[in-house]
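Chain by chain, the residues run as shown.
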Amino acid sequence: MGTIKYLLPCILLLSYCSFGSISDSKDPNDMWNEMLNEIANIHKLYLTKWVVINDKIQCINKKIGIENSSEQKLNLLIEKDLLKESLVLLKIENESDISKIRYLKGLQIIRILYDKTLSLDHHFSSVRTFSEINKIANPNQYPEFDKLKELVATKKDKKVGFDLTAILGTNTLVSVVNTFTNLLVSNLSKEEKEKELTNIECILDFTLRMQNDLNTIYFETSFLQKSNEKIKEDIEILFKEYTKPIGYTNTLDNCRTNDDWDSLTLKMNDYLSKQKTIQGPMLQKMIVNMEFPVDRLIQFIGQYNHFIDLGGKFYEKFKIILNSYENEKQCETKLPLEYKKLKSDIDIAIDKFNKAYKPVEINGSKMKELLYGLNEFE
C-alpha cells in the first residue's frame, strides 16, 4: 500500500494534545461534546476527500464504458485501482484520527473525574463526624440535661436512689431512665419537678426520637466515603493502564501533584507522531492500543455514574430523615445548632450531586458515537 497521503495537518493534531483548557472546564460532559464536534469535523474533512476520489472513480467507469482502445482501458483500470487503494487508506486514516481524538479527550475526562473524586473525598471527610452526631443525638451532651442530673444527684432520696456505673452512665436510654427515676423520688417539690421537665422535654423528645436516624446518617455517609475510596483507586488503576501504551509511568496522583501533564503530552505526541511513519498491521496494533483504554474508560464511567446516582439518593433519604422530626416547630428554639447545620449540609450535598458531581451523559446516541464514531465510510 502506498505512502499515506491524507493525514491531517500537524497543527490540527497538536491541538488535540493540548491540556490548556482543562482548568477552564470542570464538566466532563463538555469534554464529550467537544470530542463529538471534533469527530464530526474530522469526518467532514475526510468525507470531502472521499467524495473527490469517488467522483474520479465514477468518471473513470464512464470512460471505460465508451473507450475502444484496450491499452487505454487498461490504463484507466490501473488508475481506478490506485484510487480504490486511496479510499482504503483514507478509511484507515480516518479511523486512526478518530481514535486519537477519543484517546486524548478520554485522558482529559480522567483528569476531571479524578478531581471530582478528590472533591467528594474532601466532602465526606468534612461532613458531621461521629462525635458531632453523638453531640446532637445524645441528651447527655446537652448542658440542660447535665444540669438536671447534677440537681437530681444532690436532691435524690439516698434510700431509693442509686448511681450508675461508668459504662451504663454513657448509655443514653439507661441514663435518661435513671435520671427520671431519681427525679421522681427526689426531694424536689412538684412545681420544681415540672419546671425541670419543661426545660428538657424538647431535648429528650428530639434525641430519643432521632438518635437512631442520626446514627444511620453517620454510618451511611461512612459507607459512601468507603465507596468513593474504591472509585478513587479504580480511576488510578485506569490511568495506569490508559497511559501504558504511550510509555508514561507516573501515577495519576504523582502526575496531578507535580503538574506533570506536559511530560504526559510529550509522550502522547511521540506516540502519535510514530503512527505517521508506519502502516499495515503495526499501525492497526497502535490504533487498537488506543482504542482499548477508551473502552475501559467507558466501563469506569458507568461505575462512576452509578455511585453518583446512589450518593444523590442517599442524601435525599437523609433530607427526609431530618425533616421527619414531628415536633420541630414546637421545639425550634431548643434544637441544637448542629442539627440545623446538618440540614443545611444535606441540602448543599444534594445540590452538588445534582450539579458538581453529576453523572456523565453518555447514554443512547452519545454512547454509540463514543464507541463507534460516526464513520461515513461504512
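Cut-off values and rules
Residues numbered from 1 in each chain as written. Predicted model: local features only at pLDDT ≥ 70, side-chain atom pairs only at ≥ 80, totals over all residues. Heavy atoms only, no water. Helix = DSSP H or I, 4+ residues; strand = E, 2+ residues; numbered from the N terminus. Buried < 20%, exposed > 50% of the residue type's maximum accessible area, 1.4 Å probe, protein only. Contact = heavy atoms within 4.5 Å. Areas by Shrake-Rupley, 256 points an atom, 1.4 Å probe, with all protein chains shown as cover. Patch = residues over 30% accessible without salt bridge, like charges linked within 9 Å, V, L, I, M, F, W, Y side chains within 5 Å. Salt bridge = Lys/Arg side-chain N within 4 Å of Asp/Glu carboxyl O. Disulfide = S-S within 2.5 Å. Phe/Tyr/Trp six-rings, centres within 6.5 Å; stacked < 30°, edge-to-face > 60°. Lys NZ or Arg CZ within 6 Å of the ring centre and 35° of its normal. pLDDT = per-residue confidence, 0-100. Expected span 1.5 Å × (residues − 1). Bend = angle between axes of the 7 residues up to and from the residue. Core = buried A, V, L, I, M, F, W, Y, C linked by side-chain atoms within 4.5 Å. Lys, Arg positive; Asp, Glu negative; His and termini not counted.

(A) A look at the overall build of the chain. Secondary structure assignment for the chain yields 12 helices and 0 strands. Written out in order from the N terminus, the α and β elements of the chain read α-α-α-α-α-α-α-α-α-α-α-α. Classification of the 378 residues of the chain by burial places 43% in the buried group. At a minimum sequence separation of 6, the contacts of the chain that also span at least 24 residues come to 82%. With the model as given, the accessible surface of the chain reaches about 20,500 Å², and the carbon-plus-sulfur share is 54%.

(B) Main features of the environment of cysteine 331. Structurally, the position occupied by cysteine 331 is in the loop between α10 (281–322) and α11 (337–354). Sequence separation between cysteine 331 and isoleucine 203 is 128 residues, and the spatial gap between their C-alpha atoms is 8.2 Å. Among all residues touching cysteine 331, those that are not within four sequence positions of it are Cys202 and Tyr325.

(C) Main features of a nonpolar patch on the surface. Where nonpolar side chains cluster on the molecular surface, the patch consists of Leu74, Ile78 and Leu82 and spans about 290 Å² of accessible area. Among the secondary structure elements, leucine 74 is positioned in helix α3 (residues 70–126).

(D) Inspection of the state of the cysteines at higher detail. On inspection of all chains with the given rule, the structure shows 1 disulfide. There is a disulfide in this structure between cysteine 202 and cysteine 331, and the S-S distance comes to 2.1 Å. Linking cysteine 202 and cysteine 331, the disulfide has an S-S dihedral of approximately -75 degrees and is accordingly described as left-handed. One end of the pair, cysteine 202, is in helix α7 (residues 190–243); the other, cysteine 331, is in the loop between α10 and α11, and 129 residues separate them in sequence. In terms of burial, cysteine 202 and cysteine 331 fall into one category: buried.

(E) Spotlight on the packing of aromatic side chains. Applying the stated criterion across every chain yields a total of 11 aromatic pairs. Ring geometry for tyrosine 103 and tyrosine 242: centres 4.6 Å apart, planes at 25 degrees, overall stacked. With tyrosine 103 in helix α3 and tyrosine 242 in helix α7, this pair connects stretches of sequence that are 139 residues apart. As far as the burial class goes, tyrosine 103 and tyrosine 242 line up, both buried. Seen from their ring centres, tyrosine 315 and phenylalanine 318 are 5.1 Å apart, and the 75 degrees between their planes marks the pair as edge-to-face. Within this pair, tyrosine 315 and its partner phenylalanine 318 are both found in helix α10, separated by 3 residues, close to a single helical turn. For tyrosine 315, a relative accessible area of 1% corresponds to the buried category. Every member of this aromatic cluster is reached through a ring pair, and the members are Phe223, Phe314, Tyr315, Phe318, Phe353 and Tyr357. Its end group placed over the ring of tyrosine 46, lysine 49 keeps NZ or CZ at 5.6 Å from the ring centre.

(F) Highlighting the confidence of the model for the chain. For the chain, the average pLDDT comes to 80, and 83% of its residues sit at 70 or higher. Within the chain, no element has a lower average pLDDT than helix α1 (residues 10–16), which sits at 34, and none a higher one than helix α8 (residues 252–257), at 92. The model gives residues 374–378 a pLDDT under 50, and that stretch makes 17 contacts with residues more than four places away or in other chains.

(G) Main features of α7. Between its first and last C-alpha atoms α7 spans 77 Å; for 54 residues at 1.5 Å apiece the expected length is 80 Å, and the two agree. Most pronounced at methionine 210, the bend in α7 amounts to some 55 degrees.

(H) Local environment of the nonpolar core. Counting 88 residues, the largest nonpolar core has Ile110, Phe206, Leu214, Phe239 and Tyr315 as its most contacted members. In this view, phenylalanine 239 contacts Leu107, Ile110, Tyr248, Asn250, Thr251, Leu252, Cys255, Trp261 and Leu264; residues no more than four positions away in its chain are not counted.

(I) Structural context of the side chain of lysine 80. If you trace the backbone, lysine 80 turns up in helix α3. Of the side chains with opposite charge, aspartate 81 lies nearest to the buried lysine 80, which makes no salt bridge, at 6.7 Å. Those residues within four positions of lysine 80 in sequence are excluded, and the remaining contacts are Ile57, Ile60 and Asn61.

(J) Expanded view of unusual backbone geometry. Although it is not a glycine, aspartate 259 sits at a positive phi angle of roughly 50 degrees. Mapped onto the elements of the fold, aspartate 259 is located in the loop between α8 and α9 (261–275). Judged by its relative accessible area of 53%, aspartate 259 falls in the exposed class.

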